[in-house]
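# Per-entry structural report
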Amino acid sequence: MKYSTWSQEAALAVLATLREEKGAVLMALQALQKEFGYVHKEDVTLVANFFNNSRADVHGVLTFYHDLLTEPPGDNHISVCVAEACQAVGSRQLEKDVKAKFGKEVHDGYCFGNCALGPCAMVNGAIIGRASVEKIEKVRV
Amino acid sequence: MKIYVPGDSAAISVGADAVAAAIASKVAGSTIIRNGSRGALWLEPMVEVETDKGRVAYGPVSVEDIDSLITADFMHGGAHKLSLGESEKIEWLASQDRVTFKRVGIIDPLSLADYEAHGGLVGLRRAISMSTEAIVEEV
């Protein structure tokens with residue numbers, strides 16, 4: 001996936017679109033990740049100042065949600081669901097196999113709502129049901 | 001000829017988009033309708049065709065199955081290893097009494113005419129014909 005290169009000005013431009021939102025810390029972090037692929041370490045201070053929150057608050061939100069990344073992602077973003085229904089049909093093994101093959105591209109996912117078609121994975125935003133290493137490999141760029 | 005390939009996210013997650021595209025390119029004169037899933041997700045992508053005896057289903061269909069389905073003349077309900085028979089008679093579906101999901105899977109969700117043909121807008125039309133007081137009274 002293509003992302004913009006992070007700069008303080010670009011990050012502030014993203015935040016400016018959320019000026020009117022109340023309690024927009026999570027929304028802001030998501031918007032930054034969408035723009036740059038991850039949340040830059042200086043974003044914590046920027047978001048805190050922008051929404052008049054403490055840096056500790058922003059850090060708390062950032063580290064609570066596993067979907068928020070603090071390192072630049074690879075070319076692909078792969079999530080393997082490891083919630084209950086998918087675990088029951090072998091997602092832990094799938095996750096191991098996918099991690100062995102694609103390493104840092106792989107993240108834990110927690111339920112895509114596609115439980116009847118598990119194990120489930122998400123590759124660059126597309127949901128893959130009855131997922132396998134081969135199927136994921138096909139969808140990767 | 002009408003061919004139904006569900007277009008909801010569950011069906012898409014198991015390849016319904018690719019199946020729809022393959023059918024559209026290989027079956028001349030086909031109209032693909034992206035209906036909702038009837039909910040039997042283990043049969044997705046569940047492809048249905050309209051025949052003289054009603055809708056006939058096949059599933060789970062993958063792109064690799066399309067050529068053999070065409071050879072089996074699935075467009076007219078021909079027998080194939082993925083045949084599920086008449087959709088309405090699939091036991092899991094036939095045993096259900098649907099209320100809110102009554103039209104899901106049956107109609108083209110983007111067609112207002114199809115919605116109306118299956119009893120849509122009846123309540124709204126009745127409300128329009130009533131006086132304001134009568135509506136308040138009934139509510």
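Residues numbered from 1 in each chain as written. Chains lettered and ligands numbered in written order. Predicted model: local features only at pLDDT ≥ 70, side-chain atom pairs only at ≥ 80, totals over all residues.

Bringing helix H3 (residues 43-51) of chain A into the picture now. Residues and elements named next belong to chain A. Restricting attention to buried positions, one finds in H3 the residues Asp-43, Val-44 and Val-47. All buried residues of H3 fall inside an arc of 105° around its axis, so they share one side. Those residues of H3 that are buried are in contact with helix H1 (8-16), helix H2 (25-36) and helix H4 (55-64). Just downstream of H3 lies Asn-52, where phi reads positive at about 60°. (Buried ≥ 20, exposed ≤ 12 C-beta atoms within 10 Å, placed from the backbone. Helix = DSSP H or I, 4+ residues; strand = E, 2+ residues; numbered from the N terminus. Arc of directions from axis to C-beta. Contact = placed C-beta atoms within 7 Å.)

Moving on: the interface of chain B and chain A. Contact residues are listed per partner, giving six residues for chain B and seven residues for chain A. Class assignment of the residues belonging to the side of chain B that touches chain A gives a composition of four nonpolar, two polar and no charged. (Nonpolar A, V, L, I, M, F, W, Y, C, P; charged D, E, K, R; others polar.)

The next thing to look at is the sheet that holds strand E2 (residues 106-109) of chain A. Residue and element names in this part refer to chain A. Spatially, four strands are ordered E2-E1-E3-E4 in an open sheet, and the strand pairing comes out mixed. Unpaired on one side and paired on the other, E2 and strand E4 (126-128) mark the two borders of the sheet. Here the average twist between neighbouring strands, direction ignored, is 25°. Pairing between strand E1 (residues 78-81) and strand E3 (residues 121-123): three bridges, direction antiparallel. Opposite Val-80, over in E3, you have Ala-121 as the bridge partner. (Pairing = 2+ DSSP bridges. Axes fitted to C-alpha atoms, helices over the stretch in contact; angles between N-to-C directions.)

This next bit is on the sheet that holds strand E5 (residues 83-86) of chain B. Residue and element names in this part refer to chain B. On the basis of which strands lie adjacent, the open sheet formed by five strands has the order E2-E1-E3-E4-E5 and mixed pairing. Of all strands in the sheet, those bounded by a partner on one side alone are strand E2 (31-33) and E5. Going from strand to strand, the sheet's axes swing by 25° on average, the running direction of each strand aside. Where strand E4 (residues 54-58) meets E5, three bridges bridge the pair, whose relative direction is antiparallel. Bridged to Val-56 within E5 is Glu-86.

Another point: the pairing of E1(A). All names here are of chain A. Here E1 shows two buried faces, one formed by Ile-78 and Val-80 and the other by Ser-79 and Cys-81. The pairing of E1 with E2 spans four bridges and is parallel. When the sheet's bridge partners are listed, Val-80 is paired in E2 with Asp-108.

Attention shifts here to the environment of B:Lys2. You can see B:Lys2 is positioned in strand E1 (residues 2-4). Apart from residues no more than four positions distant in its own chain, B:Lys2 is found in contact with B:Thr31, B:Ile33 and B:Glu50.

Residue and element names in this part refer to chain A. Close contact between H1 and H3 brings their axes to 11 Å; oriented N to C, the two are set at 35°. The hand of the H1/H3 crossing is right-handed. In contact with Ala-11, Leu-12 and Leu-15 of H1, H3 contributes Asp-43, Leu-46, Val-47 and Phe-50. Here the contact of H1 with H3 is composed, by residue class, of six nonpolar, no polar and one charged. (Left-handed = near helix turned anticlockwise from the far one by under 90°.)

We now examine the packing of H1(A) against H2(A). All names here are of chain A. Where H1 contacts H2, the axes come no closer than 10 Å and their chain directions differ by 130°. Taken as axis vectors, H1 and H2 run oblique relative to one another. You can see that H1 and H2 cross each other, and the crossing is right-handed. Where H1 abuts H2, its residues Ala-11, Val-14 and Leu-15 lie against Ala-28, Ala-31, Leu-32 and Glu-35. Tallied by class, residues from the contact of H1 with H2 come to six nonpolar, no polar and one charged. (Parallel < 35°, antiparallel > 145°, perpendicular 65-115°, else oblique.)

Confidence in the prediction of chain B, expressed as mean pLDDT, is 95, and 100% of residues score 70 or more. Predicted complex metrics record ipTM = 0.82 and pTM = 0.82. (pLDDT = per-residue confidence, 0-100.)

This part takes up the domain arrangement of chain A. One can read the domain layout of chain A as domain 1 (8-64) and domain 2 (78-139). The C-alpha-based centres of domain 1 of chain A and domain 2 of chain A are spaced at 28 Å. (Domains from an automatic or database assignment.)

A:Cys120, A:Ala121, A:Ile128 and B:Val19 are the most contacted members of the largest nonpolar core, which totals 41 residues. In terms of nonpolar packing, the next biggest core, distinct from the first, is built from ten residues, A:Leu32, A:Phe36, A:Val39 and A:Val58 among them. (Core = buried A, V, L, I, M, F, W, Y, C linked by C-beta atoms within 7 Å.)

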